Amino acid sequence: MAEEKQKYKTASKHAGSDPRGDMFSNMEEEDLKQRLEELNPEGIEYYDVIKAVINEVNPEIPIALIYSLIHVESRFRPRVTSPEGAKGLMQVMPSNYKEDPTENIKAGVTFINDLLNGEYAPPAGDISKSLYGYNVGQNKDVLKNKSFDELAHGGGKHPSGGKTYVNNILSNYDKIITSGLSDSPSAGRLRKIALIGD
């Protein structure tokens, strides 16, 4: 596990990666929770679960990224099922599906962590490609054989769906990290960082 954490932390220093993880170290937890609640009030009940799972899987993953991902995947509805059969808060496929919200979140966070570490589709640390990969699903062979453009177009599932999906997640992430900062000199910089890879 320690090796995975280091891989993502190291990868986040490269171009095209996600340098946002460290931004929250200076943000007060109550401020972060308020921003998350503004995005989706129903999701705040899962804050402690998401935080605990991230700390177990890889503390380098920003909680706001997972919150934004769940918001797009299920709008925090634990019993929702997609037309493709993905289920739960993080919309994991039946072979990985856990009815318990904590286990469902753990399955999804583990998968996004694997993607961020380049285990399914290199390069490691590429946040956009990792989110495209999450959208396509947990088939390693499919992910490894798809080009970035194919992933961006939903991996063949939905034409242009992948790009919209990733943009929605990163837009929500942007809202969380820049909430209340529109007049701050750092707001533009944070928005630029939040949307890296678009």
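In what follows, the accompanying structure is described. (Residues numbered from 1 in each chain as written. Predicted model: local features only at pLDDT ≥ 70, side-chain atom pairs only at ≥ 80, totals over all residues. Heavy atoms only, no water.)

What follows deals with the environment of T110. Its location among the elements puts T110 in helix α5 (residues 101-116). Here T110 falls in the partly exposed class, since its relative accessible area comes to 30%. In sequence terms T110 and V57 are 53 residues apart; their C-alpha atoms lie 6.3 Å from each other. (Helix = DSSP H or I, 4+ residues; strand = E, 2+ residues; numbered from the N terminus. Buried < 20%, exposed > 50% of the residue type's maximum accessible area, 1.4 Å probe, protein only.)

Enumeration over the complete set of coordinates arrives at three salt bridges. Between D31 and R35 there is a salt bridge, with its nearest N and O atoms 3.1 Å apart. Here D31 pairs with R35, and both are found in helix α2 (residues 29-39), just four residues apart, close to one helical turn. Note on D31: relative accessible area 28%, which makes it partly exposed. For E56, the salt bridge identified is with K106, shortest N-O distance 2.5 Å. With a gap of 50 residues between them, E56 in helix α3 (residues 47-57) and K106 in helix α5 connect regions that are remote in the sequence. (Salt bridge = Lys/Arg side-chain N within 4 Å of Asp/Glu carboxyl O.)

Turning our attention to α2. Restricting attention to buried positions, one finds in α2 the residues L32, R35, L36 and L39. Buried residues of α2 fall within an arc of 100° about the axis and therefore sit on the same side. (Arc of directions from axis to C-beta.)

Further remarks concern the packing of aromatic side chains. With the rule as written, the count across this model stands at three aromatic pairs. Arranged with centres 4.6 Å apart and planes meeting at 45°, the rings of Y67 and F76 form a pair that is tilted. On the basis of relative accessibility, which here comes to 4%, the residue F76 falls in the buried class. Three or more aromatic residues joined by ring pairs form one cluster here, namely Y46, Y67 and F76. (Phe/Tyr/Trp six-rings, centres within 6.5 Å; stacked < 30°, edge-to-face > 60°.)

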